[in-house]
Amino acid sequence: MGFDQTSLNNQLTQIQSAITAALANPRPDWQVGQVRFNQSSYLKYLMDMQDSIIKQMTSIPCEVITTLHQGVDEFGTDFTQYQNEPRP
């Protein structure tokens, strides 16, 4: 699965739906693939996944920085001009 904003939003929605379902219909035993969980372990697993997705979402840059011209002068100084980036 990719890590773009749309796929992360979809994953977050699915995890939040699973959390809601687990809270609304508590069971003593949950199974995810080959792994079995009790209710509290399953909720912790879902909450950890939710936290991980939220961290990934907050690490996606909001602005796209594109290069107009790349260059390095004879002294190794970068004189590239960027769009959407504040000039020093």
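Residues numbered from 1 in each chain as written. Predicted model: local features only at pLDDT ≥ 70, side-chain atom pairs only at ≥ 80, totals over all residues. Heavy atoms only, no water.

Caption draft 1: Here's a closer look at the packing of aromatic side chains. Scanning the entire structure with this criterion turns up three aromatic pairs. Between the aromatic rings of tryptophan 30 and tyrosine 42, the centroid separation amounts to 4.4 Å while the plane-to-plane angle is 10 degrees, which identifies the pairing as stacked. Highlighted residues: tryptophan 30 in strand β1 (residues 30-32) and tyrosine 42 in helix α2 (residues 39-58), separated in sequence by twelve residues. Residue tryptophan 30 shares its accessibility class with tyrosine 42, and that shared class is buried. Measuring from centroid to centroid gives 5.0 Å for phenylalanine 37 and tyrosine 45, while their planes differ by 25 degrees, and the two rings are stacked. (Phe/Tyr/Trp six-rings, centres within 6.5 Å; stacked < 30°, edge-to-face > 60°. Helix = DSSP H or I, 4+ residues; strand = E, 2+ residues; numbered from the N terminus. Buried < 20%, exposed > 50% of the residue type's maximum accessible area, 1.4 Å probe, protein only.)

Caption draft 2: How the structure looks around the pattern of salt bridges. Within the structure shown, the criterion is met by two salt bridges. The partner of arginine 36 in a salt bridge is aspartate 29, with the nearest N and O atoms 2.0 Å apart. A residue is classified by how much of its surface remains accessible, and arginine 36, at 52% relative accessible area, is exposed. According to the relative accessible area criterion, aspartate 29 is partly exposed, its value standing at 31%. A salt bridge links aspartate 48 to lysine 44; the shortest N-O distance between them is 2.9 Å. You can see aspartate 48 and its partner lysine 44 sitting in helix α2, four residues apart, about one turn around the helix. (Salt bridge = Lys/Arg side-chain N within 4 Å of Asp/Glu carboxyl O.)

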